[in-house]
Amino acid sequence: TEIYTLSLHDALPIFVLITHDLGVIAGMVDRVAVMYAGRIVEERETTDLFADPRHPYTKALLACIPRPDESSARITGIPGTPATLRPAPRGCAFAPRCPDAIDECIETDPQLEGIEGARVACIVATPPGSPPRPRIPAQRTASPSSGGGE
């Protein structure tokens, strides 16, 4: 975990916390940005992110957190292999591991877009109450499964 402090003139200090520990995030920050393969995929208020994640990677990360109220001691991982950054992947870097991916995800580089107080870089993410995009599963190439989490 790394903590950086930024001061902008007379403004209050801003803390930038970089960590893989979502428990630390939950207790220390008001707003969070989730990154995958070096890009922000979701950014929003911390309580909203934990209550209703929008990006499939954020959902997968939160599903990996062991729950004390569950009897199972098994920790869930994110299937597939983390994205390689060289060369930079075309389309959404999470698409090969994403259960919601459609062909457009593989072809189109998603941009951060505002969805009800959140910014999400996901083609299939839609605001609550909106009709979901048609789910035409992406044509994936076979890749080994690491079985491990992030």
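A few points on the structure. These figures come from a predicted structure and were not determined experimentally.

**Focus on helix α3 (residues 56–63)**
Consideration 1: Of all eight residues in α3, six are buried, a share of seventy percent or more.
Consideration 2: Every buried residue belonging to α3 is among Pro56, Tyr57, Thr58, Ala60, Leu61 and Leu62, and all of these are buried.
Consideration 3: At its buried positions, α3 is contacted by α1 (22–28), β3 (31–36), β4 (39–45) and α2 (46–51).

**Digging into empty space enclosed by the protein**
Consideration 1: Taken as a whole, this structure holds two cavities of 30 Å³ or more when the rule is applied.
Consideration 2: What the largest cavity holds in volume is close to 80 Å³.
Consideration 3: What lines the largest cavity is simply Tyr36, Arg39, Ile40, Val41, Gly91, Cys92, Ala93, Phe94, Asp109, Pro110 and Ala121.
Consideration 4: The element best represented in the lining of the largest cavity is β4, accounting for three residues.
Consideration 5: Approximately 50 Å³ is the volume found for the second largest cavity.
Consideration 6: If you trace the second largest cavity, you find it lined by His55, Pro56, Cys92, Cys98, Cys105, Pro110, Cys122 and Ile123.
Consideration 7: In terms of residue class, the lining of the second largest cavity is built from seven nonpolar, one polar and no charged.

**Digging into the environment of arginine 74**
Consideration 1: By secondary structure assignment, the location of arginine 74 is in the loop between α3 and α4 (103–107).
Consideration 2: Each C-alpha atom, one on arginine 74 and one on cysteine 64, is 9.6 Å from the other, the two residues being 10 residues apart in sequence.

**Overview of the layout of surface pockets**
Consideration 1: Its boundaries defined by the atoms lining it, the largest pocket holds a volume of some 910 Å³.
Consideration 2: Forming the walls of the largest pocket are 30 residues, and the residues nearest its centre are Thr19, Ile25, Val32, Ala33 and Val34.
Consideration 3: Secondary structure elements with two or more residues in the lining of the largest pocket: β2 (14–18), α1, β3 and α3.
Consideration 4: The element that contributes the greatest number of residues to the lining of the largest pocket is β3, accounting for six residues.
Consideration 5: Its residues placed into classes, the lining of the largest pocket shows 20 nonpolar, six polar and four charged.

**Remarks on the pattern of salt bridges**
Side chains that differ in charge, positive against negative, can pair when their charged atoms come close.
Consideration 1: Counting across every chain of the model gives seven salt bridges.
Consideration 2: The shortest N-O distance in the salt bridge between glutamate 107 and arginine 90 comes to 2.8 Å. Highlighted residues: glutamate 107 in helix α4 and arginine 90 in the loop between α3 and α4, separated in sequence by 17 residues.
Consideration 3: Among the charged side chains, a network of salt bridges with common partners joins Arg31, Glu43, Glu45 and Arg119.

**Quick word on the sheet that holds strand β5 (residues 113–115)**
Consideration 1: A sheet is described by the order of its strands in space; here four strands give the open sequence β3-β4-β6-β5, paired in antiparallel fashion. With one partner strand each, in any of the chains shown, β3 and β5 form the two edges of the open sheet. Here the average twist between neighbouring strands, direction ignored, is 25°.
Consideration 2: Relative to strand β6 (residues 118–120), β5 runs antiparallel, the two sharing three bridges. Pairing of glutamate 113 across the sheet is with valine 120, part of β6.
Consideration 3: Packing against the sheet, α3 makes contact with β3 and β4, and its axis sits at approximately 100° to β3.

Each value, and the rule that gives it
Residues numbered from 1 in each chain as written. Predicted model: local features only at pLDDT ≥ 70, side-chain atom pairs only at ≥ 80, totals over all residues. Heavy atoms only, no water. Buried < 20%, exposed > 50% of the residue type's maximum accessible area, 1.4 Å probe, protein only. Helix = DSSP H or I, 4+ residues; strand = E, 2+ residues; numbered from the N terminus. Contact = heavy atoms within 4.5 Å. 1 Å grid on protein atoms, 1.4 Å probe; cavity = no way out; pocket = protein on both sides within 12 Å on 5 of 7 lines; lining within 4 Å. Points joined across faces, edges and corners; volume = space filled by probe spheres on them. Nonpolar A, V, L, I, M, F, W, Y, C, P; charged D, E, K, R; others polar. Salt bridge = Lys/Arg side-chain N within 4 Å of Asp/Glu carboxyl O. Pairing = 2+ DSSP bridges. Axes fitted to C-alpha atoms, helices over the stretch in contact; angles between N-to-C directions.

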